[in-house]
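Descriptive structure summary
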Amino acid sequence: MVYNSRESVVAALEGRNEGPIPIIPPFQATWALNMMGVTPQETVNEPKKNAICQSNIADLCGFDGFEGMWDWLSMVEAMGCDVEFRPGMGAVTVSHVLSDDSDASIEVGPVDDKRAVTNLNTINALLDGDKFIYATVPGTFTLSAELRGLEQLMMDSILETDVYRDILRRTTENLKEYCIFYDEVAEGVMLCESTGSPSLLDPDSLRKEVVPLNAELFEVVDGYRMLHNCGDVTQLLPDLPTSSINLLSIHDTPLKESLESFDCCISGGISTFSSLLNDNPEKTLNDISQTIQTFKGNERRFILSASCDIPPSTPLGNVMVWQEHANSNNVLENIENCCRNN
């Protein structure tokens, strides 16, 4: 079966891929700008510049799909937080609008968010190509932590549960507007729960308070529904919205457990630190081979990806090498050779 890039991603998301394994970074945008010598701040006023940069890197690295923007937390500034643009990091929140007043207004829609509109224009500029383009949106806890401050929100979850629940609920209602906003253009929405992780929070609290609200966000998305949860979410697997998502992007959760627990497409397999931040691309190739071995027999619903954001200092060669295995007509031969050599 011969697919173009977009078709291969869609086929994998629908569990019917019979061609080469598709590649999605999944979060490449800031790294790509760094590789091209473009600052995130430059792209706020020039969405076409961002689109060209992302497209060029995608072609160079053999990506079949990617996020059409770097600016997934644009709403933080629009809702009243102070942010700073830092090299290689995008916009960093430096003050939290809800830190002193948990009742402060955060009711700002995406049409009034200049950076969100820029994101939409960037995505529009990318849709003429043959790649699968999706938008990244923060999960309920992740955005709430930006607005309140992570440490304070964690304390709220223990000591001020009414305040905690109110912030989560209000944040969810705002995020629904952003999901709808991007869903009208992008082919999918990736919900990213970066700080809402069992590494930081009690899994029972996440299961009870956060997971259901993120499931509500997916209810307003008509396109492909994609979930990335940082950390090892093994304890949450029975409660994650398995029936309403097309893709689970794996961070530290073992691939085998995810494969056994979900019927949807799974992405991951390349460690952003032990594999990408090394001076030996062979380590990356070995990770890829071992991952493909894990998915043997389930290749129809697998997408090769990094475990999280590609670090800004990642050498270009450590990303370009992915396509040597995944997009080769000799994938199984490459696996066998790599296994014999290790």
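Residues numbered from 1 in each chain as written. Predicted model: local features only at pLDDT ≥ 70, side-chain atom pairs only at ≥ 80, totals over all residues. Heavy atoms only, no water.

Points about the packing of helix H7 (residues 140–148) against helix H8 (residues 150–159)
Where H7 contacts H8, the two axes come as close as 7 Å, and the packing angle between them is 115°. Classed by the angle they form, the pair H7 and H8 counts as roughly perpendicular. Judged by the twist between their axes, the crossing of H7 over H8 is right-handed. Of the residues in H8, those touching H7 at Phe-141, Ser-144, Ala-145 and Arg-148 are Leu-150, Gln-152, Leu-153, Met-154 and Asp-156. (Axes fitted to C-alpha atoms, helices over the stretch in contact; angles between N-to-C directions. Helix = DSSP H or I, 4+ residues; strand = E, 2+ residues; numbered from the N terminus. Parallel < 35°, antiparallel > 145°, perpendicular 65-115°, else oblique. Left-handed = near helix turned anticlockwise from the far one by under 90°. Contact = heavy atoms within 4.5 Å.)

Looking at the sheet that holds strand E9 (residues 302–306)
Taking strand neighbours across the sheet as the criterion, the seven strands line up as E1-E4-E5-E6-E7-E8-E9 in an open arrangement whose pairing is parallel. Unpaired on one side and paired on the other, strand E1 (65–67) and E9 mark the two borders of the sheet. Between one strand and the next, the sheet's axes are offset by a mean angle of 25°, whatever the strand orientation. Of the strand pairs in this sheet, strand E7 (residues 247–249) and strand E8 (residues 265–270) are connected by three bridges, and their pairing is parallel. Along E8, the bridge assignment pairs Leu-248 with Ile-266. (Pairing = 2+ DSSP bridges.)

Quick notes on the packing of aromatic side chains
Two numbers describe a pair of aromatic rings. These are the distance of the centres and the angle of the planes. Within this structure, the stated rule accounts for six aromatic pairs. Between the aromatic rings of Phe-63 and Trp-322, the centroid separation amounts to 6.1 Å while the plane-to-plane angle is 50°, which identifies the pairing as tilted. One end of the pair, Phe-63, is in the loop between helix H4 (47–61) and E1; the other, Trp-322, is in helix H14 (residues 322–326), and 259 residues separate them in sequence. Take Phe-63: its relative accessible area is 0%, and that puts it in the buried class. (Phe/Tyr/Trp six-rings, centres within 6.5 Å; stacked < 30°, edge-to-face > 60°. Buried < 20%, exposed > 50% of the residue type's maximum accessible area, 1.4 Å probe, protein only.)

What to know about the pairing of E8
One face of the sheet, then the other: side chains in a regular strand alternate in exactly this way. With five of six residues buried, E8 lies mostly within the body of the structure. The pairing of E8 with E9 spans five bridges and is parallel. Note on E9: the bridge partner recorded for Gly-269 is Ser-305. Crossover handedness for the path E8 to helix H12 (residues 281–294) to E9: right-handed. (Right-handed = clockwise from strand over helix to strand, strands pointing away.)

What to know about a nonpolar patch on the surface
On the surface, a cluster of nonpolar side chains totalling about 330 Å² of accessible area is made up of Met-155, Ile-158 and Leu-159. The topology assignment puts Met-155 in helix H8. Residue class for Met-155 comes out partly exposed when judged on its relative accessible area of 41%. (Patch = residues over 30% accessible without salt bridge, like charges linked within 9 Å, V, L, I, M, F, W, Y side chains within 5 Å. Areas by Shrake-Rupley, 256 points an atom, 1.4 Å probe, with all protein chains shown as cover. Salt bridge = Lys/Arg side-chain N within 4 Å of Asp/Glu carboxyl O.)

Concerning the confidence of the model for the chain
When pLDDT is averaged across the chain, the result is 90; 94% of the residues are at 70 or more. When the elements of the chain are averaged for pLDDT, helix H15 (residues 331–341) gives the smallest value, 43, and strand E4 (residues 132–138) the largest, 98. The low-confidence segment residues 329–342, where pLDDT is below 50, has 16 contacts with residues more than four positions distant or belonging to other chains. (pLDDT = per-residue confidence, 0-100.)

Focus: the nonpolar core
Core analysis: the biggest nonpolar cluster contains 100 residues, and Phe-63, Tyr-182, Leu-248 and Trp-322 have the highest contact counts within it. In terms of residue count, the dominant contributor to this core is helix H9 (residues 161–183) (eight residues). Leave out the neighbours within four places in its chain, and Trp-322 touches Ile-23, Pro-25, Phe-63, Ile-270, Leu-276, Thr-284, Ile-288, Leu-304, Ala-306 and Ile-310. (Core = buried A, V, L, I, M, F, W, Y, C linked by side-chain atoms within 4.5 Å.)

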